Amino acid sequence: MGRPADGESFALEAIAIHRNQEPLPRLHLANGLRVAALIKETAASGDEALRFWAEARDLYRRAGIEAGVTESELHIASIRSE
């Protein structure tokens with residue numbers, strides 16, 4: 001991924017692209033949000049990571065991807081306990 005800022009820019013650009021597609025590609029958007037959340041966690045930006053994880057969790061839930069829901073909830077709980 002290169003430097004964290006490069007990865008973050010890439011993830012945010014992917015999220016913006018997916019948000020503007022019709023129909024909304026929920027799984028692709030959720031995966032992009034997951035990557036952005038992981039980057040924010042690494043950068044100790046808990047509030048931003050929390051928002052990305054919460055949105056990803058909801059999209060994974062709507063897509064029926066239980067592993068994504070579980071991972072998101074684990075990260076959300078970890079951030080909230082800090």
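Every value quoted in this text rests on a predicted model; they were computed, and no experiment measured them.

A. View of the pattern of salt bridges. A complete count under the given rule lists 6 salt bridges for this structure. The salt bridge involving Glu-55 is made with Arg-19; its shortest N-O contact spans 2.7 Å. In this pair, Glu-55 is assigned in helix H3 (residues 46-63) and Arg-19 in helix H1 (residues 4-19), connecting sequence segments 36 residues apart. A relative accessible area of 38% places Arg-19 in the partly exposed class. In this structure, Arg-61 and Asp-58 form a salt bridge, with 3.9 Å as the shortest nitrogen-oxygen distance.

B. Representation of unusual backbone geometry in the model. With phi around 60 degrees, Ala-44 is a residue other than glycine that occupies positive phi space. Relative to the elements of secondary structure, Ala-44 occurs in the loop between helix H2 (26-42) and H3. Owing to a relative accessible area of 69%, Ala-44 belongs among the exposed residues under this scheme.

Rules behind the numbers
Residues numbered from 1 in each chain as written. Predicted model: local features only at pLDDT ≥ 70, side-chain atom pairs only at ≥ 80, totals over all residues. Heavy atoms only, no water. Salt bridge = Lys/Arg side-chain N within 4 Å of Asp/Glu carboxyl O. Helix = DSSP H or I, 4+ residues; strand = E, 2+ residues; numbered from the N terminus. Buried < 20%, exposed > 50% of the residue type's maximum accessible area, 1.4 Å probe, protein only.

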